[in-house]
Amino acid sequence: MTGRLIVLTGPSGVGKGTLLKALLAMHPELYLSVSATTRSPREGEVEGVHYYFYSRDRFEAEIEAGALLEWAEFAGNYYGTPSAPLQAQLDLGRSAILEIELAGARQVAKIFPNALRIFILPPDLQTLEMRIRDRGTDAPEAILRRLEQAKVEIAARAEFDYQIVNDDFQTALEELDRLVASD
Ligand SMILES: Nc1ncnc2c1ncn2[C@@H]1O[C@H](COP(=O)(O)OP(=O)(O)OP(=O)(O)O)[C@@H](O)[C@H]1O
Ligand SMILES: Nc1nc2c(ncn2[C@@H]2O[C@H](COP(=O)(O)O)[C@@H](O)[C@H]2O)c(=O)[nH]1
């Protein structure tokens with residue numbers, strides 16, 4: 001039996017990565033897909049752990065070769081999910097999580113119609129902006145692009161099976177845990 005695919009989407013800075021880190025500590029049996037991107041590594045990000053950092057040429061070659069399950073341009077960079085490692089884990093019967101933006105989530109929904117799709121919402125846009133700014137990883141112009149994109153993504157939240165508001169972290173984590181643990 002193949003594993004279950006879980007897709008986590010939500011605006012940049014809403015807390016997806018932080019929630020997933022905590023979720024994976026509780027569920028080491030889950031596989032977190034490592035994406036490829038053309039953006040530069042942030043401080044502390046490790047090749048093959050947080051992302052595979054590709055040049056634009058390399059990324060486009062991977063698209064051409066059909067090696068990506070889905071891909072999208074987000075805030076001026078490419079992001080995509082390498083197919084082979086994900087499929088290998090699913091074939092082993094291991095459930096897998098993708099943390100991806102909206103356009104990619106829509107592509108995955110067509111390929112895996114039974115995927116569990118969860119959207120993470122901020123309490124409000126001001127809180128989201130504060131979280132992105134306080135994270136201190138993005139330049140002011142990049143923050144503005146991410147906030148513009150956030151409005152587009154939030155408007156599509158009803159496309160997802162479940163929505164979780166990440167206001168109180170522990171409450172959001174418990175909700176996520178409940179969904180992931182359910183059949
Ligand atoms: N419930 C919460 N309350 C307050 N701060 C939070 C909460 N959840 C996450 N944060 C903080 O918000 C910031 C953004 O979180 P994180 O990097 O996990 O977002 P993200 O959705 O993964 O962003 P991106 O899509 O850009 O990678 C981090 O500094 C994190 O510590
Ligand atoms: N479509 C995809 N989106 C992805 C993938 N990996 C990450 N993401 C999303 O990109 C934005 C920005 O991420 P950041 O690390 O630069 O802050 C965020 O929404 C991620 O969820 C992917 O493989 N495909």
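Since the model is a prediction, treat every value here as computed from it, not as a measurement.

Engineer: Hey, could you run me through the site of ligand 1 in this one?
Structural biologist: Taken together, 15 residues sit near ligand 1, with S12, K16, G17, T18 and N166 positioned nearest. Within the contact set of ligand 1, a nitrogen atom lies 3.5 Å away from a backbone nitrogen or oxygen of F169. Considered on its own, ligand 1 offers 640 Å² of accessible surface; in the complex 73% of this is hidden by protein. Residue assignment for the shell around ligand 1 shows that the elements contributing at least two residues are α1 (16-26) and α5 (125-135). The leading source of residues in the shell around ligand 1 is α1, at 3 residues.

Engineer: Is there a simple way to think about the site of ligand 2 in this case?
Structural biologist: Neighbouring residues of ligand 2: 16 residues in total, closest S35, R39, Y51, Y79 and E101. R42 has a polar side-chain atom sitting 2.8 Å from an oxygen atom of ligand 2. Note that an oxygen atom of ligand 2 is positioned 3.0 Å from one of the backbone N or O atoms of G80. Those elements that provide at least two residues to the shell around ligand 2 are β5 (68-74) and β6 (77-82). For the shell around ligand 2, the per-class residue count stands at 5 nonpolar, 4 polar and 7 charged.

Engineer: Can you help me understand the UniProt feature "domain: Guanylate kinase-like" (unreviewed entry) in the protein in this one?
Structural biologist: The residues that UniProt annotates with the feature "domain: Guanylate kinase-like" (unreviewed entry) are residues 3-181. Overall, residues 3-181 shows 44% helix and 21% strand. The separation of its end C-alpha atoms is 13 Å.

Engineer: Looking at this structure, I do not really get the packing of α1 against helix α7 (residues 169-181). What am I missing?
Structural biologist: The geometry of α1 relative to α7 is characterised by a closest axis approach of 10 Å and an angle of 55 degrees between their N-to-C directions. Taken together, the axes of α1 and α7 lie oblique to each other. The handedness of the crossing between α1 and α7 is right-handed. Taking contact as the criterion, the partners of T18, L19, A22, L23 and M26 in α1 are, on α7, F169, A172, L173, L176, D177 and V180. Tallied by class, the residues present in the contact of α1 with α7 amount to 9 nonpolar, 1 polar and 1 charged.

Engineer: Sorry, what's going on with the pattern of salt bridges here?
Structural biologist: Working definition: two side chains of opposite charge can pair if their charged atoms are close together. Evaluation of the coordinates by the stated rule reveals 10 salt bridges. Two residues, E129 and R133, come together in a salt bridge whose shortest N-O distance is 2.9 Å. Of this pair, E129 and R133 both sit in helix α5, 4 residues apart, which is roughly one turn of the helix. When the shortest N-O distance is used, the salt bridge between K151 and E148 registers 3.2 Å. Of this pair, K151 and E148 both sit in helix α6 (residues 140-155), 3 residues apart, which is roughly one turn of the helix. Note on E148: relative accessible area 49%, which makes it partly exposed. Salt bridges sharing partners connect three or more residues here, namely R42, R135, D138 and R146.

Calculation rules
Residues numbered from 1 in each chain as written. Chains lettered and ligands numbered in written order. Predicted model: local features only at pLDDT ≥ 70, side-chain atom pairs only at ≥ 80, totals over all residues. Heavy atoms only, no water. Near = heavy atom within 4 Å. Polar contact = N/O pair within 3.5 Å; in protein donor to acceptor, adjacent residues only side chain to side chain. Areas by Shrake-Rupley, 256 points an atom, 1.4 Å probe, with all protein chains shown as cover. Helix = DSSP H or I, 4+ residues; strand = E, 2+ residues; numbered from the N terminus. Nonpolar A, V, L, I, M, F, W, Y, C, P; charged D, E, K, R; others polar. UniProt positions renumbered as here; feature names shortened; annotations may be inferred. Axes fitted to C-alpha atoms, helices over the stretch in contact; angles between N-to-C directions. Parallel < 35°, antiparallel > 145°, perpendicular 65-115°, else oblique. Left-handed = near helix turned anticlockwise from the far one by under 90°. Contact = heavy atoms within 4.5 Å. Salt bridge = Lys/Arg side-chain N within 4 Å of Asp/Glu carboxyl O. Buried < 20%, exposed > 50% of the residue type's maximum accessible area, 1.4 Å probe, protein only.

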